[in-house]
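An overview of the molecular structure
Here is how the chains run, residue by residue.
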Amino acid sequence: MLTRPKPSDRAAVPPSRRQFIAVAGATCVAACAATGDGVAPATVAAAEPFARSGGARFRVGLAAYSLRNYFSFMKGKRKEPASDGKAIDMVGFLDYCVAQGLEAAELTSYFFPPDADDAYFLELKRQAFLRGVTISGTAIGNNFTQGAGDKMEREIETAIGWIDKAAVMGAPHIRFFAGKGKELDDHPERMNEAVAAMKRCAMRAGERGVFLGIENHGNLRPDQLLPIIHAVDHPWVGINLDTGNFYSDDPYGDLEKCVPFAVNVQVKVNMKKPDGTEYPADMDRIAGILRDSGYQGFVVLEYEDENPYEHIPAALDRMRKALGV
């Protein structure tokens, strides 16, 4: 099991130099945040990077979001699939992953039918097993920095419900959105609210054996994301590291800071500058960051550009070549 080391075990698992720098910097960020007029997380003790044995190992998969235009549902509402490619359901997506020779599939929750129940999720688990495809996880679109109130409570309840659904379908990981960077900038007190919400979800995740991966989504910066990880400080909570979601002048440096806490990695073919301008991702550099950190686990392509049926195979080839798998 992937765990954070106990104090007595840490000497046996020496961190790499990159990990040491990342953890030390993150600890400083969390500690400094605690001096900000009582609005930072109350818990600032640094969470440890996950302890792993052996070298880096990668299990390649694809996120269902990559083919989002071809599903018949979007967040519980029926929609017409795009006509420029094959319409699919979740079993059809599993078949597509088989055709691409993939080990894993992320079954994004947006595309499940609204009446999906335990029987539906068990059947998906069965169909994936028969195809030799591992369900790497699922994903929800929550926001825990919107401010306290009834809407926030409903989002927490929905998120906890998805932890139970993930456990039924055998998904070991859920991508969580802690919130939005701008909302934390404008309302620093919401950091505590986001941490409290994540802690409530983490309790259920630990009971059900499902990792929560807080994604660097919503333009969350490392100096916002890492303090959340440290404040929650739970063995079933880490980072869902999206390579294309740091809109900064040094996104690769941002990835290096966060990768020691990664429990899942999503790779995009493009990255963005602070002004939103896109440019091609350096797959070799991304792979090097994952390799140097000793990351072990799923590396999932999330393709967001046009003509996915045409371009996904080539993108997967580039990613595999960079990863050496």
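Below is a summary of the structure that appears in this document. (Residues numbered from 1 in each chain as written. Predicted model: local features only at pLDDT ≥ 70, side-chain atom pairs only at ≥ 80, totals over all residues. Heavy atoms only, no water.)

The next subject is the overall build of the chain. Regarding its fold elements, the chain presents ten helices and twelve strands. The burial tally for the chain puts 52% of its 325 residues in the buried class. Look at the contacts in the chain between residues 6 or more apart in sequence, and 78% of them connect residues 24 or more apart. Counting every atom, the chain has about 14,400 Å² of accessible surface; 51% of that belongs to carbon and sulfur. (Helix = DSSP H or I, 4+ residues; strand = E, 2+ residues; numbered from the N terminus. Buried < 20%, exposed > 50% of the residue type's maximum accessible area, 1.4 Å probe, protein only. Contact = heavy atoms within 4.5 Å. Areas by Shrake-Rupley, 256 points an atom, 1.4 Å probe, with all protein chains shown as cover.)

What follows is about empty space enclosed by the protein. On inspection of all chains with the given rule, the structure shows one cavity of 30 Å³ or more. Put simply, the largest cavity is a space of about 40 Å³. If you trace the largest cavity, you find it lined by Val267, Met283, Ile286, Ala287, Leu290, Met319, Ala322 and Leu323. Of all the secondary structure elements, the ones that give two or more residues to the lining of the largest cavity are helix H9 (283-293) and helix H10 (308-323). It is H9 that contributes the most residues to the lining of the largest cavity, four residues altogether. Grouping the amino acids of the lining of the largest cavity by side-chain chemistry returns eight nonpolar, no polar and no charged. (1 Å grid on protein atoms, 1.4 Å probe; cavity = no way out; pocket = protein on both sides within 12 Å on 5 of 7 lines; lining within 4 Å. Points joined across faces, edges and corners; volume = space filled by probe spheres on them. Nonpolar A, V, L, I, M, F, W, Y, C, P; charged D, E, K, R; others polar.)

Within the secondary structure layout, Asp242 lies in strand E8 (residues 237-242). Asp242 gets classed as buried once you look at its relative accessible area, which sits at 0%.

Below, the discussion takes up the pattern of salt bridges. Within the structure shown, the criterion is met by 15 salt bridges. We note a salt bridge from Glu153 to Arg200, for which the minimum N-O separation is 3.0 Å. Taken together, the residues span a long stretch of sequence, with Glu153 in helix H4 (residues 150-169) and Arg200 in helix H6 (residues 190-208) at a distance of 47 residues. Residue classification places Arg200 among the partly exposed residues on the basis of a relative accessible area of 37%. The shortest N-O distance in the salt bridge between Arg175 and Glu302 comes to 3.9 Å. On the criterion of sequence distance, the pair formed by Arg175 in strand E6 (residues 173-177) and Glu302 in the loop between strand E12 (296-301) and H10 is long-range, its members being 127 residues apart. Like Arg175, the residue Glu302 is buried in the burial classification. What you see here is one network of salt bridges that share partners, running through Arg175, Glu215, Asp242, Lys268, Glu302 and Glu304. (Salt bridge = Lys/Arg side-chain N within 4 Å of Asp/Glu carboxyl O.)

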